[in-house]
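Residues per chain are reported as follows:
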Amino acid sequence: MSNGFDADVIVSGGGPVGQTLALALDQGGASVLLVDASKPSETLAPSFDGRAFAIAFSSFRMWRALGLADALEPVAQPIRQIMVTDGEVAGPGRRGGPSPLHLHFDGAELGEDGEPLGLMLEARHVRAALDAAVRAQSSIRMIQPMSVAGIERDAVSVTATLADGRRLRAPLLVGADGRRSFVRNATGVRTIGWDYPVTAIVATIQHELSHEGVAHEYFLPNGPFAILPLTGERSNIVWAEPRAAAEALLKMPEADFLAELRLRFGDFLGALSLEGPRFGYPLSLQLAERMIDARVALAGDAAHGIHPLAGQGLNLGLKDCAALAECVCDAMAVGLDAGDVSALERYQRWRRFDNVSMALGMEFFDKMFSNSITPLRAARRIGLAAVNAAGPARRFFMKYAGGAAGDLPKLLKGESLAA
Ligand SMILES: Cc1cc2nc3c(=O)[nH]c(=O)nc-3n(C[C@H](O)[C@H](O)[C@H](O)COP(=O)(O)OP(=O)(O)OC[C@H]3O[C@@H](n4cnc5c(N)ncnc54)[C@H](O)[C@@H]3O)c2cc1C
């Protein structure tokens, strides 16, 4: 690097967003320094994160273009159909499971060369594949475990001070350091948001019968309950309950937990058992007031932490990666530096509206569905059935959820950034 720079871009945070961004920038010809605070021996352990991600087909196109398909496809479960229903908890006179008025998305209607609606990938597999891909790229320097602990800026550069005192200088620093982003806070970018009074219980369930690649989302009075298909006869559940109830469900003996689970899950997949531990994730909404500052960009949860009810949080972060890498590499191709204000403003214009509208859309769905007020319940059931009856509306939702609507960056179309 010339001008005393250590890299074109320093990425703080090596979660799924930071690692994907590092690979994308590297493909586009930018030199990258990736700093991550976590210990790989902990984050790569199977007991670290019980989540599974619903990855939109456009996000997967990007991972394919970055060379990750061989590692991810064997462990991915295609989502063939999605059933959204106003659910019921079983009880006297009630049978549990979905109501007859529902919304049904079928991948076969999309006509995208047989692409599924999305893929279910367990977080542990995503971490392992990204980690291996980054380490295989000798041009990406990874410093881990290490935190970015200080930031100074001048007109042409940003200097990140690491926790061990080392100082790294580049034209651009990206904060991909999650919801409590140090980079965001240190640059004075404020957030708006609030806690949801619920915790998401996440667990992997084994069941007797095949899920046939169908994902289910029930809207229960306490919050959404999702059944997401994994490889084999397994599904990942994301079950939102008020904080105290969730705590109790996380701690209760397995047999009691399974009895509670069956009341919501229903019996359509036969006998159920737990695979591995239960995990709890308190939910909150958090939106950064802007995605850029001088010589700094924010990506992923550092910029937007949303309700996981439609499984879009990481997908938004991956779209950020595709757009930011393209803006930075295009700027460098015409002789500008990686942190030029024109590149950063183009990035923010490209991503801000989508991120805010998705966050508010999830907010609307959560408020609309997480209650049992009778007229509202009737209205939303009719609403679901109406969208279900209207083919174009249904296809629009599928394209939007698949991340294929609007002006797509090259990587989300499956194109490489390599010159
Ligand atoms: C229950 C649940 C289910 C979900 N399901 C889905 C789904 O189906 N689909 C989907 O798209 N999304 C889903 N999400 C959202 C998704 O998990 C997040 O959007 C995603 O993990 C964010 O990734 P990230 O890389 O931005 O942040 P993180 O994963 O939080 O990574 C941040 C990284 O930064 C590092 N770091 C922090 N501070 C520093 C520092 N000072 N210096 C250096 N490094 C630092 C951390 O060690 C970490 O490695 C779900 C979320 C929840 C809670």
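Numbers given for residues are sequential positions, taken from 1 along each chain in its written order. With the structure being a predicted model, the display of local features is reserved for residues of pLDDT at least 70 and the display and counting of side-chain atom pairs for 80 or more, all residues being used for whole-chain, interface and lining totals. Derived side-chain values reflect all non-hydrogen atoms in the structure, with water molecules and hydrogen atoms excluded from consideration.

1. Observations regarding the sheet that holds strand E2 (residues 32-35)
Here is the rule we go by: When DSSP finds at least two bridges between two strands, those strands are taken to pair. Only DSSP runs of H or I reaching four residues or more are called helices, and only runs of E reaching two or more are called strands; each is numbered from the N terminus. Contacts are residue-level and defined by heavy atoms, with any inter-residue pair within 4.5 Å sufficient. For every element, the axis is a line fit to its C-alpha atoms; helices are fit only across the contacting stretch, and the angle between N-to-C directions ranges from 0 to 180 degrees.
Within the open sheet, the six strands sit side by side as E8-E2-E1-E12-E19-E18. Their pairing is mixed. Bordering the open sheet on either side are strand E8 (140-143) and strand E18 (292-293), each of which pairs with just one other strand. Across the sheet, helix H1 (residues 16-27) lies against strand E1 (9-12), E2, E8 and strand E12 (172-175), angled at about 170° from E2, the strand it touches most.

2. Focus on the sheet that holds strand E4 (residues 77-79)
Strand order in this open sheet of three strands is E3-E7-E4, and the pairing throughout is antiparallel. Edge positions in the sheet fall to strand E3 (52-56) and E4, since each of these pairs with one other strand and no more. Taken pair by pair, the neighbouring strands of this sheet meet at an average axis angle of 30°, ignoring direction. As judged from the five bridges shared by E3 and strand E7 (residues 118-122), these two strands associate in the antiparallel manner. Bridge pairing links alanine 56 to glycine 118 in E7. Taken strand by strand, helix H3 (residues 57-65) contacts E3 and E7, and its axis lies near 90° from that of E3.

3. Some details on unusual backbone geometry
For the record, the criterion: Relative accessibility under 20% of the residue-type maximum defines a buried residue, over 50% an exposed one, and the middle range a partly exposed one, all with a 1.4 Å probe and only protein chains included.
Of note, the amide linkage connecting glutamine 144 to proline 145 takes the cis form, showing an omega dihedral of -10°. Following the sequence through the fold, proline 145 ends up in the loop between E8 and strand E9 (148-153). At glutamate 212, a position not held by glycine, the phi torsion is positive, near 55°. Turning to its location among the elements, glutamate 212 is positioned in the loop between strand E13 (191-207) and strand E14 (214-220). When its relative accessible area of 60% is taken as the criterion, glutamate 212 is described as exposed. Backbone geometry places arginine 295, a non-glycine residue, at a positive phi of 65°. Tracing the backbone through its elements, the reader meets arginine 295 in the loop between E18 and strand E19 (296-298).

4. Quick look at the site of the ligand
The condition that has to hold: By convention in this text, a residue qualifies as near a molecule or strand provided that one of its non-hydrogen atoms is within 4 Å of it. Think of a polar contact as two N or O atoms within 3.5 Å of one another; within protein, one of them needs to be a possible hydrogen donor and the other a possible acceptor, and neighboring residues in sequence only count if both atoms come from side chains. Computed with a 1.4 Å probe, the accessible areas rest on the Shrake-Rupley method; for each residue, only the protein chains presented here act as cover. Three classes are used: nonpolar for Ala, Val, Leu, Ile, Met, Phe, Trp, Tyr, Cys and Pro, charged for Asp, Glu, Lys and Arg, and polar for all others, with Gly counted as polar.
Near the ligand you find 31 residues, and of these Asp36, Arg51, Ala54, Asp301 and Leu314 are the closest. At 3.4 Å from an oxygen atom of the ligand is found a main-chain nitrogen or oxygen belonging to proline 16. Valine 148 has a polar backbone atom sitting 2.9 Å from a nitrogen atom of the ligand. Protein chains bury 86% of the 1,000 Å² of accessible surface belonging to the ligand in isolation. For the shell around the ligand, the secondary structure elements donating two or more residues are H1, E3 and helix H9 (313-333). When its residues are assigned to classes, the shell around the ligand shows 15 nonpolar, 12 polar and four charged.

The values are spatial; any link to function lies outside them.
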